[in-house]
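Now for the letters of each chain:
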Amino acid sequence: MAVSTTEAISYTGAEELWENYDKLLLKLATEAHSVAELGGGANPILAGDQWRSVPHRVVIDISAHELALGAGDFDKRVADLCRPIDDGLESYDLVFSKMLCEHLPDARTFHENCFRLLRPGGRAVHFFPTLFTLPYVVNRLIPEDLARAVLRRIQPGRIDDPKHEKFPAYYRWCTGPTKRALGRYESIGFAVESFTAAFGHRYYAMVPPLEAAEQAKTRWLLRHPVPWWTSFAAVVLRKPISGG
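Quick summary incoming for the structure in this document. (Residues numbered from 1 in each chain as written. Predicted model: local features only at pLDDT ≥ 70, side-chain atom pairs only at ≥ 80, totals over all residues. Heavy atoms only, no water.)

1. A closer look at the side chain of S34
Here is the rule we go by: In this text, helices come from DSSP runs of H or I with a minimum length of four residues, and strands from runs of E with a minimum of two, each type numbered from the N-terminal end. Between buried and exposed lies partly exposed: a residue is buried under 20% and exposed over 50% of the maximum accessible area for its type, with that area taken using a 1.4 Å probe on protein chains only. Polar contact is defined as a pair of N or O atoms within 3.5 Å, subject to the rule that within protein one atom must be able to donate a hydrogen and the other to accept it, and that residues adjacent in sequence are counted only when both atoms are side-chain atoms. When checking whether two residues touch, look at their non-hydrogen atoms; a contact exists if any pair is within 4.5 Å.
With respect to the secondary-structure elements, S34 resides in strand β2 (residues 34-38). Since its relative accessible area comes to 1%, S34 is described here as buried. At 2.9 Å, the side chain of S34 forms a polar contact with the side chain of H56. Of note is the side chain of S34, whose polar atom sits 3.2 Å from the backbone oxygen of S91. When residues no more than four places from it in sequence are discounted, the contact partners of S34 are H56, S91, Y92, D93, L94 and R119.

So, in structure tokens, the structure goes:
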């Protein structure tokens, strides 16, 4: 049964979206024979024991070095998904990413590749931060060296961990569920099965007055949602079955 665009949109808090995303993936994977994690690199979700029930699991990443750091019972493939691909097409029932989309220099080509990798009826699922939350706007505008310095201050030790390298962020196609955002996915050929956007973040945790203001803003936005002010989103896209 078709889902209308309005029915596909929902809002929640950031922590709830974070906590439920992996559960959503596992639920969708129960119907899948072949699954690809995109940009999993050194920390693939597919490495978890709960994924062993999926017969064919692949982690696709642009970096052979990042893939080498990731350990687990799955296949690996080096590919730049921001360039058109011509192999492995219609091979997967589910492709997904987490905190990858904001790093893509060519979002349209990436999503076109997702569409081409899927079998008819397959799903592409993505979790990403969204503009125009202030920390992400700043991250997009300031020089990369300064962004690294700020992150090192906010999350000491993390950026120096080889498994948690910071990559440049572009935030292309990374917004809340605006009409334009929905139209972009549909222009690829996808049906938007669900678009769950979240409010709130913890980037101000070290500055109590700002953290309190952010929490108050989040509570207000959950009562009065504004698509442009979301912080994160999880979108489920389905490739139609021809003639269905």
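2. Remarks on the pairing of strand β4 (residues 75-78)
Here is the rule we go by: Two strands pair under a simple rule: DSSP has to find at least two bridges between them. Crossovers are marked right-handed if the path from the first strand over the helix to the second runs clockwise, as seen with the strands pointing away from the viewer.
Pairing between strand β3 (residues 56-61) and β4: four bridges, direction parallel. Paired with V59 across the two strands is K76, which belongs to β4. Taken together, β3, helix α3 (residues 64-69) and β4 form a β-α-β motif whose crossover is right-handed.

3. A few points about the environment of E102
Mapped onto the secondary structure, E102 falls in the loop between β5 (92-98) and α4 (107-117). The buried category is assigned to E102, whose relative accessible area is 4%. The spatial distance from the C-alpha of E102 to the C-alpha of T175 is 9.8 Å, given a sequence separation of 73 residues. Not counting residues up to four positions away in its chain, the partners in contact with E102 are F128, P129, A169, Y170, Y171 and C174.

4. A look at the nonpolar core
The criterion, for reference: Take the buried residues of types Ala, Val, Leu, Ile, Met, Phe, Trp, Tyr and Cys, join any two whose side-chain atoms come within 4.5 Å, and each joined set is a nonpolar core.
Among the nonpolar cores identified, the biggest contains 61 residues, and L38, W51, I60, V95, F96, F110 and F195 are the most heavily contacted of them. Leaving out residues up to four positions away in the same chain, I60 has contacts with A36, E37, L38, G39, G40, R77, A79, L81, Y92 and L117.

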